[in-house]
Each structure stands twice: as structure tokens, then as C-alpha cells.
Amino acid sequence: MTATIIDGSAIAQQIRDEMRAEVERLKASGTDPGLVVVLVGNDPASVSYVRGKTRDVEEVGMRSETLRISADVTQEQLLGLVSDLNQDDRWHGILVQLPLPPHIDEGLVTSTVLPEKDVDGLHPVNVGKLFRGERALYPCTPHGVKQLLLRSGHDPAGKHVVVCGRSNLVGKPLAGLLMQKAEGANATVTVCHTGTPDLAVHTRRADILIPVMGRPRTITEDMVKDGAVVIDVGVNRVEDASKKAGYRLVGDVDFDGVARKASAITPVPGGVGPMTRAMLLYNTVLAASRTV
Ligand code: L34
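Computed from a prediction, not measured in an experiment: that's the story for all the values here.

Definitions and limits used
- Residues numbered from 1 in each chain as written.
- Predicted model: local features only at pLDDT ≥ 70, side-chain atom pairs only at ≥ 80, totals over all residues.
- Heavy atoms only, no water.
- Near = heavy atom within 4 Å.
- Polar contact = N/O pair within 3.5 Å; in protein donor to acceptor, adjacent residues only side chain to side chain.
- Helix = DSSP H or I, 4+ residues; strand = E, 2+ residues; numbered from the N terminus.
- Nonpolar A, V, L, I, M, F, W, Y, C, P; charged D, E, K, R; others polar.
- Axes fitted to C-alpha atoms, helices over the stretch in contact; angles between N-to-C directions.
- Parallel < 35°, antiparallel > 145°, perpendicular 65-115°, else oblique.
- Contact = heavy atoms within 4.5 Å.
- Pairing = 2+ DSSP bridges.
- Disulfide = S-S within 2.5 Å.
- Buried < 20%, exposed > 50% of the residue type's maximum accessible area, 1.4 Å probe, protein only.
- Salt bridge = Lys/Arg side-chain N within 4 Å of Asp/Glu carboxyl O.
- Core = buried A, V, L, I, M, F, W, Y, C linked by side-chain atoms within 4.5 Å.
- Expected span 1.5 Å × (residues − 1).

Visitor: Explanation requested: the site of the ligand in the structure shown.
Guide: The ligand sits among 15 residues. The nearest are Ser-48, Lys-53, Asp-120, Gly-270 and Arg-277. One of the side-chain nitrogen or oxygen atoms of Gln-97 is found 3.1 Å away from a nitrogen atom of the ligand. Between the ligand and Arg-277 there is a distance of 2.6 Å, counted from an oxygen atom to a side-chain nitrogen or oxygen. Secondary structure elements with two or more residues in the shell around the ligand: helix 2 (44-59) and helix 10 (272-289). Among the elements that make up the shell around the ligand, the one with the highest residue count is helix 10 (four residues). Here the residues of the shell around the ligand sort into seven nonpolar, five polar and three charged.

In C-alpha cells, the structure reads:
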């Protein structure tokens, strides 16, 4: 089998077009939706992701500001900043880009953002609501993966989904979202992680395989069932002297090999990444709508 490519950039564009209309509707009713992004330090990947996010926000006519904070900020200062943003009515959404420097407790920071402004969906209240199957702000990458599946004609209902990775940012909430008893979900979900002795035993049983490992080209052809749908969440920088930047992006999937076996596959770049950014717009619109 040769896989069809699931075009994340094109589907993200559809969502941005939908969000542009929502932003106009909000503005007409007197709400000017705004997103503030807090970027601590100068990690090149984070800088690039945040730039992409603010570009998308501007494209749909939303206000945004990025606060660049030095990596030696204290935890107390950062929590103080988040509390100020919580009180600031200009911002309907607050996003603190991860990872944070090691001296800062990420769990504490994500718990300090008000749940109703938590467009990352990482606050315990939003996490809890997701797992209870209630409406909430859901984390952007998991929600993006779900939309990518649905809009490319791969409804996960009744399918065996195997997620490789258990992070709070993606793996855990993605499993929670796809196992919900709800339309567009209702999958049987297996979660593999670094404690899983034989990964391939599980990946080979997946109808829908979703690696979120951050390990370049780890999923090889022999680990994938014939006809599986593969959603590659990994975005890894690998050295490439032939590129001007000195690196290129690859996923967690060995694309060329796996594309021979899968029925559909997402590329990196241009797969899940743009969807993560699109769902941030969706969450910001949702957060702003609630204040109307
Ligand atoms: N708080 N931190 C918080 N929320 C998030 O949702 C994220 N994530 C992850 C890292 N830290 C976070 C992101 O924003 C990963 N992530 C992310 C966002 C966008 C892209 C990739 C990861 C993206 O735009 N990827 C493009 C290529 C970008 C490039 O050229 O560097 C793509 O096509 O895959």
C-alpha cells in the first residue's frame, strides 16, 4: 500500500478561515479577542513555534502580544506575571510556552493561569473536565490531532488507537480525548511509553498510530500494520549540512518506509504542527466567546 498524505497545512488553513469569521462575529458584538504569549528564554524551536502562533493569530484578525522573558526569571516573578495577566481584561487567552527552564515548576505555572484563560488546556480543571468528557479548553495538539483525523475522513470511533508517549502536554490528554464517549472519539486507546518493554507489539496492532516521542524516525515500517493511519506528532531537528539553517525537521516516523505500509500519513513539517497552531485560535475564540 502507498499512503495518502494528510495535508495538515491545508486543514489548518480551513480552520483559520472558520476562525476569521468567528473573530469578526466577536468584534461585531463588542469583544476584541486577545491572546498573550509568554516566552521564557531563547530556545530556537520555541522561538520558531511562537512566531508561527502569532503569525496565525494576526492572519485571522486577532490581537496578540508576545512577552519575551529572560531565562533567569525567578519562579516567583513568573507566577507574578501570570497573576497580572489573569487580571488583565485585554487578554482572553494566556499561553506560557513550554518547556520552561529547569528551576521553574511547570505544573505550578500551568496551574496558576485562570482555567477560563487557559488556552493551552493544561490547568487541572481543564484536564479534569477533558477526562470527565465535559466541554472545556482542550490542549491544542491533542485537539488538532482529533480534527486532523476527522477532517481527513478517519473517524477514530471503534478503531484501535495506539499513542506512543504520556506527556501532560500531548500523550495523556490525547488518549483522554479519543476515548471519550462522544462523536468523533469513542476509540479503543492503548498508551505506550518509555516503560513499555516491547513497543512494536503494540504499534503493530494499531489502526491509528500516533507517536509523540520526540525521537527522530523511531517508528519504522516493520512496526506498522498494513493500511494503518499514522499521525506523526514528533517535530525533531536533525543536523543537515546541505540546509542553510544547518538542520531539517523530521518526525518520530521513518516517513519513506512507513508510507509504503500505511494507508494515510502526516508529513513533518506540514502535519500536526500547523494544526496545533490552528487549535490555539479555536481556544482563544472559545475563551473570548465566554466573556460575551
Ligand atoms: N505551552 N508549549 C505550550 N503549548 C504548546 O502547544 C506547545 N507545543 C509544543 C511545545 N511547547 C508547547 C507547541 O506549540 C509543540 N508545539 C509546536 C507548535 C507548532 C509547531 C510545532 C510544535 C509548528 O509550527 N511546526 C511546523 C514547523 C515549524 C518550524 O519550522 O520550526 C510544522 O509544520 O510542523
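So that's the structure; there's more coming.
Visitor: Could you clarify how one ought to interpret the packing of helix 1 (residues 8-28) against helix 6 (residues 140-151) in this entry?
Guide: How two helices sit against one another is set out by the angle between their axes and by the gap between those axes. Two numbers describe how helix 1 lies on helix 6: the axes approach to 10 Å, and their chain directions differ by 100 degrees. Relative to helix 6, the element helix 1 lies roughly perpendicular. For the pair helix 1 and helix 6, contact is made by Gly-8, Ile-11, Gln-14, Ile-15 and Glu-18 and by Gln-147, Leu-148 and Arg-151, respectively. Its residues placed into classes, the contact of helix 1 with helix 6 shows three nonpolar, three polar and two charged.

Visitor: For this particular structure, what's the right way to read the sheet that holds strand 8 (residues 229-230)?
Guide: Each strand in a sheet pairs with another by means of backbone hydrogen bonds, the pair being arranged parallel or else antiparallel. A sheet is described by the order of its strands in space; here six strands give the open sequence 1-11-8-7-5-6, paired in parallel fashion. The open sheet has two free edges, formed respectively by strand 1 (4-5) and strand 6 (188-192), since each of these has just one partner strand. Examined bridge by bridge, strand 5 (residues 160-164) and strand 7 (residues 208-211) share four bridges and lie parallel to one another. Its bridge partner being in strand 7, Val-163 is matched across the sheet by Ile-210.

Visitor: In this structure, what is going on with the state of the cysteines? I would like to understand it.
Guide: What makes a disulfide is a covalent bond joining the sulfur atoms belonging to two cysteines. All told, the structure shown has zero disulfides when counted by the stated rule. This cysteine, Cys-192, is not joined by any disulfide, and Cys-164 carries the nearest cysteine sulfur, 4.8 Å off. When its relative accessible area of 1% is taken as the criterion, Cys-192 is described as buried.

Visitor: How should the sheet that holds strand 4 (residues 93-96) be read in this particular structure?
Guide: The three strands lie next to each other as 3-2-4, forming an open sheet whose pairing is parallel. Since the sheet does not close on itself, it has two edges, and those belong to strand 3 (63-69) and strand 4, each with one partner. Taking each pair of neighbouring strands and ignoring which way they run, the sheet shows an average axis angle of 15 degrees. Pairing of strand 2 (residues 34-40) with strand 4, which is carried by four bridges, proceeds in the parallel orientation. From the neighbouring strand, Leu-35 faces strand 4, where its bridge partner is Gly-93. Lying on the sheet, helix 3 (residues 75-87) is in contact with strand 2, strand 3 and strand 4; it crosses strand 2 at an angle near 175 degrees.

Visitor: Whenever I open this one, the pattern of salt bridges confuses me. Can you help?
Guide: When the charged atoms of two side chains lie near each other, side chains of opposite charge can form a pair. All chains considered together, the criterion is met by twelve salt bridges. Salt-bridge contacts for Arg-16 lead to Glu-59; the nearest nitrogen and oxygen are separated by 3.1 Å. Taken together, the residues Arg-16 in helix 1 and Glu-59 in helix 2 connect sequence positions 43 residues apart. Relative accessible area serves as the criterion here: at 8%, Arg-16 is assigned to the buried category. The salt bridge involving Glu-221 is made with Arg-260; its shortest N-O contact spans 3.2 Å.

Visitor: Looking at this structure, how should I read the nonpolar core?
Guide: Soluble, globular proteins show a tendency: their nonpolar side chains are buried together. If you look at the biggest cluster of nonpolar residues, it comprises 43 residues, and the most contacted ones within it are Val-145, Ile-210 and Ile-231. Breaking this core down by element, the ones donating at least two residues are helix 1, strand 2, helix 2, helix 6, strand 5, helix 7 (171-178), strand 7 and helix 10. It is helix 10 that provides the largest number of residues to this core, a total of nine residues. When near neighbours in sequence (up to four residues on either side) are disregarded, Ile-231 contacts Ile-6, Val-145, Leu-148, Leu-149, Leu-209, Ile-210, Pro-211, Thr-266 and Val-272.

Visitor: Looking at this model, I keep getting lost on helix 6. Mind explaining?
Guide: Think of an α-helix as turning once every 3.6 residues; residues three or four places apart then point the same way. Relative to the 16 Å expected for twelve residues at 1.5 Å per residue, helix 6 spans 16 Å between its end C-alpha atoms, a close match to the ideal helical length. Most of helix 6 sits inside the fold, with ten of its twelve residues counted as buried. Within helix 6 the residues assigned to the buried category are Cys-140, Thr-141, Pro-142, His-143, Gly-144, Val-145, Lys-146, Gln-147, Leu-148 and Leu-149. Packed against the buried residues of helix 6 are helix 1, helix 7, strand 7, strand 8 and helix 10. One or two steps after helix 6, the chain reaches Gly-153, where phi turns positive at roughly 85 degrees.

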